[in-house]
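Below, each chain spelled out in residue letters.
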Amino acid sequence: MKVKTILVSQPAPKTENSPYSDLIDKQKVKIDFVPFIHVESVSAKEVRTQKIDLRNYTAIILTSRNAVDHFFRVAEEMRFTVPDSMKYFCQSEAVAFYLQKYVVYRKRKIYVGKRTFPELSSIIKKYKDEKFLLPSSDKLKEIIPETLNELGVNWTRATLFKTVVSDLSNLENVFYDILVFFSPSGIDSLFQNFPNFKQNDTRIAVFGNSTVKAATEAGLKCTIEAPTPETPSMTMALEKYILKVNKK
């Protein structure tokens, strides 16, 4: 079956020249963006109930842009001035670049991993004397605490934001050729909103092993998977599939 419509379970890209724009232009497909999950803040009052005192930490581990935003939000709400001596350990260059929204980059001690948390851990283990704070959502990949515990570093998790299922009732009678998911939470949202969802002829595209696992366990057949050596991005995986089926 040819592909004409795609639903991406994330917010629309903020830049006009995104890879999705190229995909729309080149393959003449319609792509809609609807976030299946969204983030809600945890108040400073709630953070205090976790016995978090920001003055106790010398280093921050940042795994996402949300973690950056909510760390500095909570710091402001707690009237805590982040010292210039604070060390920042960022999981990727994208997170480190985003950190510039809050700090003068060249004047701070910032350490950057390549992409995955295990890659960042090789840097963290060189600083075992630091007291690390890990700002996170209420849902945390198991590999992160497991890795930090294996390193034997002094670390504390602070839940600063929550991942919440979005209301998708407006999609109840709308059908797409491909649904695109990037996290297990997106799969959860699909079935919380539509408990009787039947895949039928809908193709499912998934990014990451944990998303593949969640989709499979939910009874979905994954037609498109990324990243792979041939298709490291979701847009590349989609384009490869569309070129294949739309030629028929």
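Before reading further, recall that the structure is shown in the block above.
Residues numbered from 1 in each chain as written. Predicted model: local features only at pLDDT ≥ 70, side-chain atom pairs only at ≥ 80, totals over all residues. Heavy atoms only, no water.

A.B. asks: Hey, could you go over the layout of surface pockets for me, with residue numbers and the actual values?
C.D. replies: By volume, the second largest pocket is sized at about 380 Å³. If you trace the second largest pocket, you find 18 residues lining it, with E172, V174, F175, F194 and F197 closest to the centre. (1 Å grid on protein atoms, 1.4 Å probe; cavity = no way out; pocket = protein on both sides within 12 Å on 5 of 7 lines; lining within 4 Å. Points joined across faces, edges and corners; volume = space filled by probe spheres on them.)

A.B. asks: Outline the pairing of strand β4 (residues 59-62), listing residues and values.
C.D. replies: Neither face of β4 is exposed, since A59 and I61 on one face and I60 and L62 on the opposite face are all buried. The pairing of β4 with strand β5 (residues 87-90) spans 4 bridges and is parallel. Pairing of A59 across the sheet is with K87, part of β5. Note on the crossover from β4 through helix α3 (residues 65-77) to β5: the handedness is right-handed. One ladder, built from 2 bridges, connects β4 with strand β7 (residues 131-137); its direction is parallel. Among the inter-strand pairings, I60 is bridged to a residue of β7, identified as L133. (Buried < 20%, exposed > 50% of the residue type's maximum accessible area, 1.4 Å probe, protein only. Helix = DSSP H or I, 4+ residues; strand = E, 2+ residues; numbered from the N terminus. Pairing = 2+ DSSP bridges. Right-handed = clockwise from strand over helix to strand, strands pointing away.)

A.B. asks: I'd like a rundown of unusual backbone geometry, residues and numbers included.
C.D. replies: What you tend to see is this: most non-glycine residues have negative phi, and most peptide bonds are trans. A cis amide bond links A226 with the next residue in sequence, P227, at an omega value of -5 degrees. With respect to the helices and strands, the residue P227 is situated in the loop between β11 (222-226) and α9 (234-246). Of note in this structure, K51 is not a glycine but carries a positive phi near 60 degrees. Among the secondary structure elements, K51 is positioned in the loop between α2 (44-49) and β4.

A.B. asks: Any details on the environment of M236? Residues and values, ideally.
C.D. replies: Along the chain, the position of M236 falls in helix α9. A C-alpha to C-alpha distance of 44 Å links M236 and R48, two positions 188 residues apart in sequence.

A.B. asks: Residues and numbers for the sheet that holds β7, please.
C.D. replies: In spatial order, the strands read β3-β8-β7-β4-β5-β6; together these 6 strands make up an open sheet with mixed pairing. The sheet terminates laterally at β3 (37-41) and β6 (109-112), the two strands that pair on one side only. Neighbour-to-neighbour, the strand axes of this sheet turn through a mean angle of 25 degrees, independent of strand direction. In terms of strand pairing, β7 meets strand β8 (residues 154-165) through 7 bridges, oriented parallel. Opposite S137, over in β8, you have F161 as the bridge partner. Of the strands in this sheet, β3 and β8 touch helix α7 (residues 184-193), which is tilted by about 35 degrees from β8. (Axes fitted to C-alpha atoms, helices over the stretch in contact; angles between N-to-C directions. Contact = heavy atoms within 4.5 Å.)

A.B. asks: Tell me about the pattern of salt bridges, and name the residues and values.
C.D. replies: Applying the stated criterion across every chain, the model contains 10 salt bridges. One salt bridge connects K101 with D69, and the closest N-O pair in it is separated by 3.6 Å. Taken together, the residues K101 in the loop between α4 (93-99) and β6 and D69 in helix α3 connect sequence positions 32 residues apart. As a salt-bridge pair, K240 and E230 come within 2.3 Å of each other at their nearest N and O atoms. Here K240 is found in helix α9, whereas its partner E230 is found in the loop between β11 and α9, with 10 residues between them in sequence. Judged by its relative accessible area of 58%, E230 falls in the exposed class. (Salt bridge = Lys/Arg side-chain N within 4 Å of Asp/Glu carboxyl O.)

A.B. asks: Break down the environment of K4 for me, citing the residues and quoting the values.
C.D. replies: Looking at the element boundaries, K4 is found in the segment before β1 (5-8). What makes K4 exposed here is its relative accessible area of 59%. Placed 23 residues apart in sequence, K4 and Q27 show a C-alpha to C-alpha distance of 8.9 Å. Not counting residues up to four positions away in its chain, the partners in contact with K4 are V29, K30 and D177.

A.B. asks: Before we move on, could you go through helix α8 (residues 209-217) and cite the residues and values that matter?
C.D. replies: Within α8, burial applies to T211, V212, A214 and A215. Viewed along the axis of α8, the buried residues span an arc of 165 degrees, placing them on a single side of the element. For α8, exposure combined with an orientation more than 90 degrees from the buried face picks out N209, K213 and E217. Where α8 is buried, its residues meet β9 (178-181), α7, β10 (203-207) and β11. (Arc of directions from axis to C-beta.)

A.B. asks: Account for helix α6 (residues 143-151), naming residues and giving values.
C.D. replies: All of the buried residues along α6 are I144, T147, L148 and L151. Seen end-on, α6 carries its buried residues on one side only, within an arc spanning 95 degrees. In this structure, α6 carries N149 and E150 as exposed residues pointing more than 90 degrees from its buried face. Where α6 is buried, its residues contact β4, α5 (117-124), β7 and β8. In the segment just after α6, G152 is the residue with positive phi, at about 75 degrees.

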